[in-house]
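The chain contents come next:
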Amino acid sequence: MSRLGKKPVQVSEKVKAEFKNGVLEVTGPGGKLSQTIDNRMGIKIDKDGILVEALGESREHNMLHGLIRGLVVNMVEGVTKGFKKELEAIGLGYKANIEGGKKLILAVGFSHLVNLQIPSTVKVTVALTPDKNTLIVVTGTDKYEVGAFAARIRAVKPPEPYKGFGIRYLGEKIIRKAGKAAAAGKK
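Residues numbered from 1 in each chain as written. Predicted model: local features only at pLDDT ≥ 70, side-chain atom pairs only at ≥ 80, totals over all residues. Heavy atoms only, no water.

Digging into the pattern of salt bridges
The final tally for this structure, using the stated rule, is six salt bridges. Ionic pairing is found between Glu-172 and Arg-154, a salt bridge with its closest N-O pair at 2.8 Å. Taken together, the residues span a long stretch of sequence, with Glu-172 in the loop between strand E12 (166-169) and helix H4 (180-184) and Arg-154 in helix H3 (residues 143-156) at a distance of 18 residues. The exposure class assigned to Glu-172 is partly exposed, which follows from its relative accessible area of 22%. (Salt bridge = Lys/Arg side-chain N within 4 Å of Asp/Glu carboxyl O. Helix = DSSP H or I, 4+ residues; strand = E, 2+ residues; numbered from the N terminus. Buried < 20%, exposed > 50% of the residue type's maximum accessible area, 1.4 Å probe, protein only.)

Printed below as a string of structure tokens:
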């Protein structure tokens, strides 16, 4: 049995959970999320919270037990607090704009603008950091959707190792290379 899987997921009064026909629906102030639960797992909802039970003793049941509980925790956290990823575009002339609330337009040193369709499950805002870099904030209730869209934005222009230009997560450390000038001095 998974040790974490045995713990019930605490649910506040604001959050309502319902399990029918293998689908768990969690509704809260942030929105509504649903997740299909594997038929090898059982869900019990009571005043203590949501309890995930493994319906067998095999290794697969044990692995699924912790996974499903983790997904339930993310659902509850998503509808109460939500998730946020922050990215910054570092480079001369690197900019981001939102067009019509549905498209993110990036100018990141290419000969063309990059257009990314914003999924309906996430919200994107653009601002400037105090050191004049572009800050892109992706928020939403679904942890997977927020992380996946933030990764798509970063994949447009990942940070390069020499000067660090590109799109990176806020606070991400880039391992920098010395370059030719430093290597030439080692002769």
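Moving on from the model shown.
Observations concerning the nonpolar core
Side chains of a nonpolar character, in soluble globular proteins, are inclined to be buried together. Among the nonpolar cores identified, the biggest contains 21 residues, and Leu-104, Leu-106, Leu-116, Ile-136, Val-138, Phe-149 and Ile-153 are the most heavily contacted of them. Broken down by element, this core gets its largest block of residues, five residues, from H3. In this structure Phe-149 touches Leu-116, Gln-117, Ile-118, Pro-119, Val-122, Val-124 and Val-138, once residues within four positions along its chain are discounted. (Core = buried A, V, L, I, M, F, W, Y, C linked by side-chain atoms within 4.5 Å. Contact = heavy atoms within 4.5 Å.)

Section: the sheet that holds strand E9 (residues 114-117)
Pairing in this open sheet of three strands is antiparallel, and the strands run E7-E8-E9 from one edge to the other. Every interior strand has two partners, whereas the edge strands, strand E7 (95-99) and E9, have only one. Pairwise comparison of adjacent strand axes, ignoring direction, gives a mean angle of 25° for this sheet. In this structure, strand E8 (residues 103-107) lies alongside E9, joined through four bridges in antiparallel fashion. Paired with Lys-103 across the two strands is Gln-117, which belongs to E9. Its contacts with the sheet put H3 on E8 and E9, and the angle it makes with E9 is roughly 170°. (Pairing = 2+ DSSP bridges. Axes fitted to C-alpha atoms, helices over the stretch in contact; angles between N-to-C directions.)

A word on unusual backbone geometry
The backbone of Asn-21 shows a phi angle near 50°, a positive value even though the residue is not glycine. For Asn-21, a relative accessible area of 80% translates into the label exposed. Unusually for a residue other than glycine, Lys-132 sits at a positive phi of about 65°. Relative to the helices and strands, Lys-132 is located in the loop between strand E10 (122-128) and strand E11 (134-140).

Considerations on the packing of aromatic side chains
For any pair of aromatic rings, geometry is given as the distance between the ring centres together with the angle between the planes. Applying the stated criterion across every chain yields a total of zero aromatic pairs. Geometry around Tyr-169 places Lys-85 over its ring, the cationic atom sitting 5.5 Å from the centre. (Phe/Tyr/Trp six-rings, centres within 6.5 Å; stacked < 30°, edge-to-face > 60°. Lys NZ or Arg CZ within 6 Å of the ring centre and 35° of its normal.)

A short note on the confidence of the model for the protein
Averaged over every residue, the pLDDT of the protein is 90; the share at 70 or more is 96%. Averaged pLDDT values for the elements of the protein fall to 70 in H4 and rise to 96 in H3. (pLDDT = per-residue confidence, 0-100.)

Topic: the sheet that holds E11
Ordered in space as E10-E11-E6-E12, the four strands form an open sheet in which the pairing is antiparallel. Each end of this open sheet is capped by a strand with a single partner; those strands are E10 and E12. The average undirected angle you get between the axes of adjacent strands in this sheet is 25°. The pairing of strand E6 (residues 83-90) with E11 spans seven bridges and is antiparallel. Residue pairing across strands places Lys-85 opposite Val-138, the latter belonging to E11.

Comments concerning the pairing of E11
Across the seven residues that make up E11, a large majority, six, are buried. Bridging between E10 and E11 involves seven bridges; their strand directions are antiparallel. Of the residues in E11, the one forming a bridge with Leu-128 is Thr-134. In this structure, the hairpin formed by E10 and E11 is closed by a connection of five residues, where Lys-132 is found at a positive phi of approximately 65°.

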